[in-house]
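Tertiary structure, described
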Amino acid sequence: MKWILLGGVLGVLLLYPSLLAVVVAVLVAVLGKPVVIAFGVGLAARPAVTRRVRGWTP
């Protein structure tokens, strides 16, 4: 499913090249905020952390 979505996004960017500048500007603005980066890393790491912590509880 994610490959279909990625293909759709790339297709739209190929049809409308000016959108690429907008997407890049939004990404730069989001990645410039450390709180957003920390939140994203936390969301990505949560499944791995919960699997490890599960073994610690009785």
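This part covers the overall build of the chain. Scanning the chain from terminus to terminus reveals three helices and zero strands. Each helix and strand of the chain, ordered N terminal to C terminal, gives the series α-α-α. Burial status across the chain gives 2% buried among its 58 residues. Just so you have it, the chain exposes about 5400 Å², and 79% of that area is on carbon and sulfur atoms.

For the rest of this paragraph, the subject is the environment of Leu10. Structurally, Leu10 can be placed in helix H1 (residues 2-15). By relative accessible area, which is 45% here, Leu10 ends up partly exposed. Linking Leu10 and Leu20, residues ten residues apart in sequence, is a C-alpha distance of 9.6 Å.

What follows concerns the confidence of the model for the chain. Chain-level pLDDT for the chain is 82 on average; 81% of the residues reach the 70-or-more range. Looking over the chain, one finds the lowest element-wise mean pLDDT in helix H3 (residues 34-54), namely 77, and the highest in H1, namely 88.

So, how was this worked out
- Residues numbered from 1 in each chain as written.
- Predicted model: local features only at pLDDT ≥ 70, side-chain atom pairs only at ≥ 80, totals over all residues.
- Heavy atoms only, no water.
- Helix = DSSP H or I, 4+ residues; strand = E, 2+ residues; numbered from the N terminus.
- Buried < 20%, exposed > 50% of the residue type's maximum accessible area, 1.4 Å probe, protein only.
- Areas by Shrake-Rupley, 256 points an atom, 1.4 Å probe, with all protein chains shown as cover.
- pLDDT = per-residue confidence, 0-100.

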